[in-house]
Each structure stands twice: as C-alpha cells, then as structure tokens.
Amino acid sequence: MTTTSTTTGTHAGTDTRPGIGSETQPGGTGPEAHAVAATGAPIHSAGPLPPVDALLLIDLQSAFVAGDEAVPEAARVLDRSRDLLAGARAAGALVVHLQNDGEPGTVDEPHTPGWELHLPVEPGPREVVVRKTEDDGFEGTELGTLLADADVQALAVCGVLSEMCVAATARTALDRDFRVVLPHDAHATYDIPAAPGISDVVPAAMSSRAAEWALGDEVEIVAQAADVTFARTTSTASHPGR
C-alpha cells in the first residue's frame, strides 16, 4: 500500500486520501433489501442483515491509524473496527488481521513501529494474522485457503485504505463468490492531493465513497458497522502463526 504523498500532515509513502462521506446513493423505494442505482454498490436499506461468518481487518497498522500521519478518520475507523472485532470474537467467527509488509524505507516496513498492528490480536484457531505484500490480501497469501478451510461463505471487511487494499481485497472476495459486507463507517483513506489542470483536492470522504461504488452491485454496503452480525462456522481455520 505504498504510493507517493504530496500533502503536508500525512505519512510519507502513502497517498493522501480520509474517511467516509455521508453521500446517499439513488435507488428505488419499497420493501426491497437493497436499493441499487445503475451499476453501483447496493445499499442495505431494509430488514435485518444476514450474519457473516468472518471478519477481515485490513492494514490497521500504526503508520496508517495512529499519530499525525494517520488517515483523518482513523479514530472512527478504529472504534468501528473494535466493535466489529468484539462481535466476531463473541460469535466465534473467523477473524483475519491482514498486515502489509512494505518495502524497505516505507512507513510499513516490517518490524518498524509503523508496521505493527494497532489493535491487539488474540491468536488462536479462530483469530489469525496474514501478512501480505500486495494490495489484494488474497494475492500470494494463504487467505483463500484459510477461508475455505473454515467454510466461510460470507465476510465483513474493514480497514484502510478504501480505494487500495480494502477495495482490492473485497473485489477478489467477490470474484471468489464470497458474500461481502462493507460497513460504510469502518473504512477510510486520505485526501487526494490537488492536481494542476485536473482537479482540486478530492476529500477523502468522496474517495472512500467512490471506492464503494466502484465495487459494483454485488458488494453489500451498510451505513453502520453496528448493523453487522456474526455467526460461527463449523470448521476451524489452520494457520502456522504470526
């Protein structure tokens, strides 16, 4: 998750894009569970949300969610992620912390302070850490095998950055026929810096919302992480450890 930063007050080595906006998506009305506009992501609008059986926490590392160079909505994303994590643990759902291994000299270089996961991990058969080197948490990792071994059918995703690792991992999960739930208030990114002749600064909320929209009509967007519930699968993940 390493790009070039051009905005003061954001961490070096990462694009500058912040939290999540309040834009609403146009769609139909009535009792339907989802309102869908054009080919954008559906917004869960009515009825209880079916539970998911896994939680992916993406790149909640100190470089991105702590200190002066954290994403602007870091506090909110951490709060919502803690809530999701507590719910997943209580239900016995599979929890996977994805941790990015940055290149040497970047803010998330392995075994540097910025690389460390910000939320405490409770290692065990139902909670594991998967290290990665690409935006897509499935690429070159055992994530797919872990989910399959645990008989996961549906998963919730939270973390950073919305348009990079969150979107890339969610898209591959959809391609692999997982049901994917993305809480609107549980992912974030940085502002996009102004580009002369192209645009002014794009607020992070707009970038995060666009990242949701670009995932298409299969992902389930919910307004609040509090709407997500968890269930336990019958199988247990197998993982060699952190």
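Residues numbered from 1 in each chain as written. Predicted model: local features only at pLDDT ≥ 70, side-chain atom pairs only at ≥ 80, totals over all residues. Heavy atoms only, no water.

So, on to the overall build of the chain. The helix and strand tally for the chain stands at five helices and nine strands. Reading the chain from its N end, one meets helices and strands in the order β-β-β-α-α-β-β-α-β-α-β-β-α-β. For the chain, the residues scored as buried account for 52% of the 242 residues in total. Taken as a whole, the chain presents about 10,300 Å² of accessible surface, with 53% of it coming from carbon and sulfur. (Helix = DSSP H or I, 4+ residues; strand = E, 2+ residues; numbered from the N terminus. Buried < 20%, exposed > 50% of the residue type's maximum accessible area, 1.4 Å probe, protein only. Areas by Shrake-Rupley, 256 points an atom, 1.4 Å probe, with all protein chains shown as cover.)

Of the volumes computed, that of the largest cavity is approximately 50 Å³. L57, L60, H97, L117, H118 and L119 are the residues that line the largest cavity. Of the residues in the lining of the largest cavity, the class split is four nonpolar, two polar and no charged. (1 Å grid on protein atoms, 1.4 Å probe; cavity = no way out; pocket = protein on both sides within 12 Å on 5 of 7 lines; lining within 4 Å. Points joined across faces, edges and corners; volume = space filled by probe spheres on them. Nonpolar A, V, L, I, M, F, W, Y, C, P; charged D, E, K, R; others polar.)

Note on placement: D59 falls in the loop between strand 3 (54-58) and helix 1 (62-65). What makes D59 buried here is its relative accessible area of 0%. A polar side-chain atom of D59 sits 3.1 Å from a polar atom in the side chain of K132. (Polar contact = N/O pair within 3.5 Å; in protein donor to acceptor, adjacent residues only side chain to side chain.)

Moving on: a negative patch on the surface. Residues D175, D177, D217 and E218 make up a contiguous surface patch of negative charge. According to the relative accessible area criterion, D175 is exposed, its value standing at 60%. (Patch = residues over 30% accessible without salt bridge, like charges linked within 9 Å, V, L, I, M, F, W, Y side chains within 5 Å. Salt bridge = Lys/Arg side-chain N within 4 Å of Asp/Glu carboxyl O. Lys, Arg positive; Asp, Glu negative; His and termini not counted. Charge placed at Lys NZ, Arg CZ, Asp CG, Glu CD.)

This part is about the environment of V157. Mapped onto the fold, V157 is located in strand 6 (residues 154-160). Put simply, V157 and S81 are 76 residues apart on the chain and 9.3 Å apart in space, counted from C-alpha to C-alpha. Sequence-distant contacts of V157, that is, excluding residues within four places in its chain, are made with L56, I58, V166, V180, V181, L182 and P183. (Contact = heavy atoms within 4.5 Å.)

Those residues of helix 5 (residues 204-214) not exposed but buried are A204, S207, S208, R209, A211 and E212. Directly after helix 5, the chain includes G216, whose backbone phi takes a positive value near 90°.

Bringing the pattern of salt bridges into the picture now. Considering all chains together, one arrives at nine salt bridges under this definition. One salt bridge connects R80 with D185, and the closest N-O pair in it is separated by 3.0 Å. Pair noted here: R80 is in helix 2 (residues 74-91) and D185 is in the loop between strand 7 (179-183) and strand 8 (187-188), with a separation of 105 residues, a long-range link. Residue classification places D185 among the buried residues on the basis of a relative accessible area of 10%. One connected set of salt bridges, linked through shared partners, spans R89, E122 and E127.

Before going further, it helps to examine the confidence of the model for the chain. Do not read the predicted coordinates in detail wherever pLDDT is low. Confidence along the chain averages 84 in pLDDT terms, with 77% of residues attaining 70 or more. Long-range and interchain partners of residues 3-39, a stretch whose pLDDT sits below 50, account for 116 contacts in this model, where long-range means more than four residues apart. (pLDDT = per-residue confidence, 0-100.)

On the secondary structure map, S81 appears in helix 2. Among residues more than four places away in sequence, those in contact with S81 are L57, L60, L119, C158 and A186.

Between V160 and L161 the backbone carries a cis peptide bond, its omega angle lying at -15°. With phi around 70°, H111 is a residue other than glycine that occupies positive phi space. Counting through the fold element by element, H111 comes out in the loop between strand 4 (94-100) and strand 5 (127-132). Classification of H111 by relative accessible area gives exposed; the value is 59%.

In this structure, L55, L57, L84, V228 and F230 are the most contacted members of the largest nonpolar core, which totals 33 residues. If you list the elements that add at least two residues to this core, you get strand 3, helix 1, helix 2 and strand 6. Element by element, the count of residues in this core is highest for helix 2, at six residues. Ignoring anything within four residues of it in the chain, the contact list for F230 reads P51, V52, A54, L55, L84, G87, A88, A91, A93 and A156. Within the second largest apolar cluster, 28 residues are counted, among which are V128, V130, L143 and I221. (Core = buried A, V, L, I, M, F, W, Y, C linked by side-chain atoms within 4.5 Å.)

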